[in-house]
Amino acid sequence: MPGVAFPPNNRSGNAIRNPPDPAALDGHARNNLMTPRWPSSLWVVRHGQSAGNVARDAADAAGAERIELDHRDVDVPLSRLGKEQSRALGEWFAAGKEDGRPEILLASPYVRAVQTAEIFRHAGGCASDVAICIDERLREKEFGILDGLTRFGIEAAHPDQAEYRSLLGKFYHRPPGGESWCDVILRLRSLLDTVSLHYGGRRVMIVAHQVVVLCLRTIIENLGEAEILAIDKEGDVANCAITEYRFHPQPGGDGHLALARYNVTAPMQDEVPVTREPDAMVAARG
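This text gives an overview of the structure that appears in the document.

### Looking at the packing of aromatic side chains
Line of reasoning, step 1. Using the criterion set out here, one finds five aromatic pairs in the structure.
Line of reasoning, step 2. Ring geometry for tryptophan 92 against phenylalanine 93: centres 6.3 Å apart, planes inclined by 85 degrees, an arrangement best described as edge-to-face. For the pair tryptophan 92 and phenylalanine 93, one class covers both residues: buried.
Line of reasoning, step 3. Measuring from ring centre to ring centre gives 5.3 Å for phenylalanine 93 and phenylalanine 120, while their planes differ by 75 degrees; the resulting arrangement is edge-to-face. Taken as a pair, phenylalanine 93 in helix 3 (residues 80-94) and phenylalanine 120 in helix 4 (residues 111-122) lie far apart in primary sequence, 27 residues in all.
Line of reasoning, step 4. With a relative accessible area of 1%, phenylalanine 120 lands in the buried category.
Line of reasoning, step 5. The structure contains a cluster of three or more aromatic residues connected by ring pairs, namely Trp43, Trp92, Phe93 and Phe120.
Line of reasoning, step 6. Here the basic side chain of lysine 141 rests over the ring of phenylalanine 143, its NZ or CZ set 4.1 Å away from the ring centre.
Line of reasoning, step 7. Across from the ring centre of phenylalanine 152, 4.4 Å away, lies the NZ or CZ of arginine 151, which sits over that ring.

### Observations regarding the pattern of salt bridges
Line of reasoning, step 1. For the structure shown, the criterion picks out 15 salt bridges.
Line of reasoning, step 2. Among the salt bridges present, the one from glutamate 244 reaches arginine 246, with a minimum N-O distance of 2.6 Å.
Line of reasoning, step 3. One salt-bridge network, in which partners are shared between bridges, spans Arg139, Glu142, Glu179 and Arg187.

### Quick notes on helix 8 (residues 210-220)
Line of reasoning, step 1. With respect to burial, helix 8 is a largely interior element, eleven of its eleven residues being buried.
Line of reasoning, step 2. Those residues of helix 8 that are buried lie in contact with strand 1 (41-46), helix 7 (181-198), strand 4 (203-208), helix 9 (225-233), strand 5 (242-248) and strand 6 (256-264).

### A look at the pairing of strand 4
Line of reasoning, step 1. Of all six residues in strand 4, five are buried; the element is thus mostly enclosed.
Line of reasoning, step 2. Relative to strand 4, strand 1 is paired through six bridges, and the arrangement is parallel. Considered in strand 4, the bridge of valine 44 is made with isoleucine 206.

### Here's the deal with the nonpolar core
If you look at soluble globular proteins, the nonpolar side chains tend to sit buried side by side.
Line of reasoning, step 1. Ranked by internal contacts, the top residues of the largest apolar core, which has 36 residues, are Leu42, Leu106, Leu138, Leu188 and Ile206.
Line of reasoning, step 2. Top contributing element to this core by residue count: helix 8, with eight residues.
Line of reasoning, step 3. If we ignore the near neighbours within four places in the chain, the residues touching leucine 188 are Arg137, Leu138, Val212, Cys215, Leu216 and Ile219.

Reading the values: rules and limits
Residues numbered from 1 in each chain as written. Predicted model: local features only at pLDDT ≥ 70, side-chain atom pairs only at ≥ 80, totals over all residues. Heavy atoms only, no water. Phe/Tyr/Trp six-rings, centres within 6.5 Å; stacked < 30°, edge-to-face > 60°. Buried < 20%, exposed > 50% of the residue type's maximum accessible area, 1.4 Å probe, protein only. Helix = DSSP H or I, 4+ residues; strand = E, 2+ residues; numbered from the N terminus. Lys NZ or Arg CZ within 6 Å of the ring centre and 35° of its normal. Salt bridge = Lys/Arg side-chain N within 4 Å of Asp/Glu carboxyl O. Contact = heavy atoms within 4.5 Å. Pairing = 2+ DSSP bridges. Core = buried A, V, L, I, M, F, W, Y, C linked by side-chain atoms within 4.5 Å.

So, in C-alpha cells, the structure goes:
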C-alpha cells in the first residue's frame, strides 16, 4: 500500500521551487538539506499482553459491569505472557531478523508499554545504551466516565453514551472526560512532527497501544474513517505485533513513508501464544 507523500523538507510546508546547490552550502546547512525528513525505518509496536486481560476476560465471562483491577489503567503491568512476548520480540531483532535494530525508542508512559520497551532492550532488540523516551502523546485513548466498564456496564450505567456511540461510531464518539479517535489523531500529528524534526534518517521504534497503532496508520497513510475502521474490523492488533514503514526517497522532495508490514509478530519459543485481545481497562474499546 503506497504511503502518503509529504512536502519538501523546508519545515514550512511550502514547496522549494529552486533548491540550493548543496556544494555551495557550509557543512551544517548541507547536512540539514540532505537529511531525510522521515525515519529510514519506523516500527510501531503494540505492548505485550497486560495483566488486565485476565481480569477483563473474567468480567466478560461473568457478565459483570466493571473490570476488577486494583490499578489505574496507566499502572497496569504486563502479564507473565506479556513479558515473554516482549522478550521474544527483542530476541527476534537481536538475531538480525529485521533490517537493523532501532536507534530511537519512544514509548507511551503507561507501565505496560514501558515494560515492553525495557524487556525488548534487555533482550538485545536495540543497543543497551538506547534511552527509552517517554512521550505522553503516545498514551492510551482516554475513556473518561466509561473507563473500567464492560459493555454491560456502559449499557447499565450510561445508556445515553451507549446510544451516542452507536449513532456516531467509535471514530467520532467522545465520552465525557474522554477522547474520540479524532482527538488521539490530533496529538499524534504533533508526535510525528517531533519525529520528523529530530529523527530523520534514523531507525525509530514506537511502543504504544492498539488505538495508537491504528491512528498512526490513519495519519501516515492518509486514510479516511471508513478505511481505518475496515482495517480495525478485520481483527485486533496483536500484542507485540509490529507495523513497519520504510522510507522511500523522492527526487526533488522528501519522499514518503510506505507501509511494509502490518500486525506481524515475532516467532514465539516454547509455544508462547500470540494474543490479539484488546487491553482490559478500555471500556468500549476505542
